[in-house]
Amino acid sequence: MSTKETILKQIADNPILLYMKGVPTAPECGFSAKTVEILNATKIPFAYVDVLRAPFIRDRLPSVSKWPTFPQLFVKGELVGGADIVEALYNDGSLLPLLQASVKPAEDTAENNVITHSEVEALILGSYPDAQIGIEGQGCDLTIRVISEQFADLAMVKQHQGVMATLTEPLASGRLHAVTLKTFTPEQWQAQQPAPQAGLLQIQL
């Protein structure tokens, strides 16, 4: 990959990208320090490239961006400018909405992409059609209870491996992050249920 292709990929992959001298915690020029201070004040995360540690990018970027000095701030693939422009946008109130707009669609997509309880059930039932499934939790952090005859004679680790295999896709894609799994045979589940309290009449319907 050429230096120009590397630069274009960095700009395309990062919604907010600052080419600067030094790093945000230790800028090595006043203009970079001023720009980092303003970006930090917006509390919106940003990526950065230290051009002092990447001289090939430092040499090539001005001809790609048509901007001769550093720092250079890119938002959604477009050059915003250097320290003076960033400061002017911040002072007139237009920088924050610009940055928010660059990251908001990704957040919306993440929210819309969270797996639903019914999808989890459908995936598990594909391999365990007899299963009784209970799901607790919100979004991508779920506690899942699976009761199935297929768990008979299987070690717990094998039971869990089987269920987790049905959830490979949402786990790999990040739609499901954390799973607490509980597996039972019907007999094991029945044995866990509290016995009726002594002295109470249980009426069988």
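Just above, that's the structure.
Everything quoted here is computed from the prediction, not taken from an experiment.

### Overview of the environment of leucine 96
Tracing the backbone through its elements, the reader meets leucine 96 in helix H5 (residues 95–112). Judged by relative accessible area, which is 34%, leucine 96 ranks as partly exposed. Between the C-alpha atoms of leucine 96 and threonine 42, which are 54 residues apart in sequence, the distance is 6.2 Å. Setting aside its immediate chain neighbours within four residues, leucine 96 contacts Thr42 and Ile44.

### Quick look at the packing of aromatic side chains
For the coordinates displayed, the defined rule picks out three aromatic pairs. A ring pair is formed by tyrosine 19 and phenylalanine 74, whose centres lie 5.8 Å apart and whose planes are at 80°; its orientation type is edge-to-face. Placement of the pair is tyrosine 19 in strand S1 (residues 16–20) and phenylalanine 74 in strand S5 (residues 72–75), with a sequence separation of 55 residues. What makes tyrosine 19 buried here is its relative accessible area of 0%.

### Observations concerning the pattern of salt bridges
Counting across every chain of the model gives seven salt bridges. One salt bridge connects aspartate 13 with lysine 9, and the closest N-O pair in it is separated by 2.6 Å. Taken together, the positions of aspartate 13 and lysine 9, both in helix H1 (residues 3–13) and four residues apart, correspond to about one turn of that helix. Note on aspartate 13: relative accessible area 47%, which makes it partly exposed. With its nearest N and O atoms 3.9 Å apart, the salt bridge here joins lysine 34 to aspartate 84. Residue lysine 34 is located in helix H2 (residues 30–42), and its partner aspartate 84 is located in helix H4 (residues 83–91); the two are separated by 50 residues in the primary sequence. Taking the relative accessible area as the measure of exposure, lysine 34 reaches 26% and is therefore partly exposed.

### Comments concerning the environment of threonine 166
Within the secondary structure, threonine 166 sits in helix H7 (residues 156–166). For threonine 166, a relative accessible area of 12% puts it in the buried group. Here valine 163 takes part through its backbone oxygen, which lies 2.5 Å from a polar atom of the side chain of threonine 166.

### Notes on the side chain of serine 102
The topology assignment puts serine 102 in helix H5. A distance of 2.7 Å separates a polar side-chain atom of serine 102 from the backbone oxygen of leucine 99. Once residues lying within four places of it in the same chain are set aside, the contact partners of serine 102 are Pro15, Ile16, Val75 and Lys76.

### A look at the sheet that holds strand S8 (residues 141–147)
Strands in a sheet are paired, the pairing made by backbone hydrogen bonds, and the direction either parallel or antiparallel. Across the sheet, which stays open at both edges, the three strands sit in the order S7-S8-S9 with mixed pairing between neighbours. Of all the strands in the sheet, just strand S7 (132–138) and strand S9 (178–184) have a single pairing partner and so form its edges. With direction set aside, neighbouring strand axes in the sheet form an average angle of 15°. Pairing between S8 and S9: seven bridges, direction parallel. Pairing of aspartate 141 across the sheet is with alanine 178, part of S9.

Conventions we followed
Residues numbered from 1 in each chain as written. Predicted model: local features only at pLDDT ≥ 70, side-chain atom pairs only at ≥ 80, totals over all residues. Heavy atoms only, no water. Helix = DSSP H or I, 4+ residues; strand = E, 2+ residues; numbered from the N terminus. Buried < 20%, exposed > 50% of the residue type's maximum accessible area, 1.4 Å probe, protein only. Contact = heavy atoms within 4.5 Å. Phe/Tyr/Trp six-rings, centres within 6.5 Å; stacked < 30°, edge-to-face > 60°. Salt bridge = Lys/Arg side-chain N within 4 Å of Asp/Glu carboxyl O. Polar contact = N/O pair within 3.5 Å; in protein donor to acceptor, adjacent residues only side chain to side chain. Pairing = 2+ DSSP bridges. Axes fitted to C-alpha atoms, helices over the stretch in contact; angles between N-to-C directions.

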